[in-house]
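A look at the structure
Each chain is listed here by its residues.
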Amino acid sequence: MHKMARIFLGIDGGGTKTEAAICDETGRVLGVGQAGGSGIDSAGAERALLAIGEAVEAARRQVGLPAAPFDGVFFGMAGVVSEADRAIVRDIAHRLRLGDCVEVDHDIRIALAGGLSGRPGIALIAGTGSSCFGVNAQGERWQAGGWGHLISDEGSSYWLGWNAIRLAMGAYDGRWQTALLEPVQRQLGLQEMTDIHYRLYTQGVTKAEIAAFAPLVIAAAEAGDAMAQQLLWQGAQELAQMVAAVARHLGWGAAPCEVTLVGGLWRAGEPVTAPFRKALAGLLPLVRIVAPELPPVLGACLLALQGAGVTIDEKVRRRLGEPRQK
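1. Quick look at the packing of aromatic side chains
If you walk through the whole model with that rule in mind, you get 1 aromatic pair. For the cation-ring pair, Lys278 lies above Trp233, with the distance from its terminal atom to the ring centre recorded as 5.9 Å.

Set out below in structure tokens:
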């Protein structure tokens, strides 16, 4: 392969998966690679380094690129919220000899850059957790939510799952009625609901295991269960409030803006999106919901290009979105 003038790297470092993408300065994607999780809050610095190195090496192999420094690198990393976090990731980049032009930010930033192909606007993530982030035309930025499952993550799969278990236990007690009782008991593998204390507090349950109860809420709501329907509506309102907070802060409270929806919860379709659209329209009537145009890892590539002074015009955006030539 002939040597390109400039080569760029984008990294999407999530809690369970790391993706790397290499592109040239025209936006053409040359190679992609995957590895395990590298969110520094969950994986730790050493495991994150191994995962990032593995993903980058896999992308390099696809393009036949030697282990030379890149002309620009952008990391979008789960769990990066402070300057101390950014310093850890920059140190990883230095140890992997990825180059001198390295930028680091949280994964919501690359979700926004990919979702709207670099345009100003807002990204709302609703997956295992939830968070919202926006950047306006002046470069001002704001985040709402995303402060972890102990105090935040409203409207997410985790939040729905936690509430499903809570509602099921209340139904067992006789405090209310909901069809969630039997499916929750079954998914927890309990012979008797009184075994729940041992299951949750002695054996323990992970955030991902709790998030896996969200489909039970959606199924119960579709079957007509009033409490499950109320829970989906409440979650939709929480998510819409996040978007409204970001919009107001960035000057879009009464002005048109674009919002892109990212994360696995949206794959449930209408049971989740319909109440969210209704809740959002009540708060921001001029908002426009946009399907993600590029995946977050290519949002990271776009930001790497931007950081090196490449103008992100329509041609570059189109190139980034084209299927990669084998």
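2. Quick look at the packing of helix 4 (residues 107-115) against helix 12 (residues 296-307)
At a closest axis distance of 7 Å, the pairing of helix 4 and helix 12 adopts a crossing angle of 90 degrees. Considering the angle they form, helix 4 stands roughly perpendicular to helix 12. Here Arg109, Ile110, Ala111, Ala113 and Gly114 of helix 4 lie close against helix 12, whose contacting residues are Pro296, Gly299, Ala300, Leu302 and Leu303. Across the contact of helix 4 with helix 12, the residue classes break down as 7 nonpolar, 2 polar and 1 charged.

3. So, the state of the cysteines
One covalent bond between the sulfur atoms of two cysteine residues makes up a disulfide. A complete count under the given rule lists 0 disulfides for this structure. With no disulfide of its own, Cys23 has Cys301 as its nearest cysteine by sulfur position, at a separation of 4.1 Å.

4. Focus on the side chain of Asp105
Position of Asp105 relative to the elements: it lies in strand 5 (residues 102-106). For Asp105, a relative accessible area of 2% puts it in the buried group. Here the side chain of Asp105 touches Arg141 through a polar contact of 2.7 Å, side chain to side chain. The contacts of Asp105, once residues within four sequence positions are left out, are Phe74, Phe75, Gly76, Met77, Val80, Arg86 and Arg141.

5. Looking at unusual backbone geometry
Of all residues except glycine, most have a negative phi; of all peptide bonds, most are trans. Of note in the backbone geometry, Arg97 takes a positive phi value of approximately 55 degrees without being a glycine. Within the element layout of this structure, Arg97 appears in the loop between helix 3 (83-95) and strand 5. Look at Asp153: it is not a glycine, yet its phi comes out positive at around 65 degrees. Mapped onto the elements of the fold, Asp153 is located in the loop between strand 8 (141-145) and helix 5 (157-173). Given the relative accessible area of 4%, Asp153 is considered buried.

6. Considering the pairing of strand 1 (residues 7-13)
The element strand 1 is extensively covered by neighbouring structure, given that 7 of its 7 residues are classed as buried. Here strand 1 shows two buried faces, one formed by Ile7, Leu9, Ile11 and Gly13 and the other by Phe8, Gly10 and Asp12. As judged from the 7 bridges shared by strand 1 and strand 2 (residues 17-24), these two strands associate in the antiparallel manner. Its bridge partner being in strand 2, Leu9 is matched across the sheet by Ile22. Linkage of strand 1 to strand 2, two consecutive antiparallel strands, is achieved through a turn of 3 residues. As paired strands, strand 1 and strand 4 (residues 72-77) are joined by 6 bridges and run parallel to one another. In the sheet register, Phe8 faces strand 4, and the bridge partner there is Gly72.

7. Comments concerning a nonpolar patch on the surface
Where nonpolar side chains cluster on the molecular surface, the patch consists of Val81, Trp147, Leu150 and Ile151 and spans about 520 Å² of accessible area. Here Val81 lies in the loop between strand 4 and helix 3. Residue class for Val81 comes out exposed when judged on its relative accessible area of 54%.

Rules of the game
Residues numbered from 1 in each chain as written. Predicted model: local features only at pLDDT ≥ 70, side-chain atom pairs only at ≥ 80, totals over all residues. Heavy atoms only, no water. Phe/Tyr/Trp six-rings, centres within 6.5 Å; stacked < 30°, edge-to-face > 60°. Lys NZ or Arg CZ within 6 Å of the ring centre and 35° of its normal. Axes fitted to C-alpha atoms, helices over the stretch in contact; angles between N-to-C directions. Helix = DSSP H or I, 4+ residues; strand = E, 2+ residues; numbered from the N terminus. Parallel < 35°, antiparallel > 145°, perpendicular 65-115°, else oblique. Contact = heavy atoms within 4.5 Å. Nonpolar A, V, L, I, M, F, W, Y, C, P; charged D, E, K, R; others polar. Disulfide = S-S within 2.5 Å. Buried < 20%, exposed > 50% of the residue type's maximum accessible area, 1.4 Å probe, protein only. Polar contact = N/O pair within 3.5 Å; in protein donor to acceptor, adjacent residues only side chain to side chain. Pairing = 2+ DSSP bridges. Patch = residues over 30% accessible without salt bridge, like charges linked within 9 Å, V, L, I, M, F, W, Y side chains within 5 Å. Areas by Shrake-Rupley, 256 points an atom, 1.4 Å probe, with all protein chains shown as cover. Salt bridge = Lys/Arg side-chain N within 4 Å of Asp/Glu carboxyl O.

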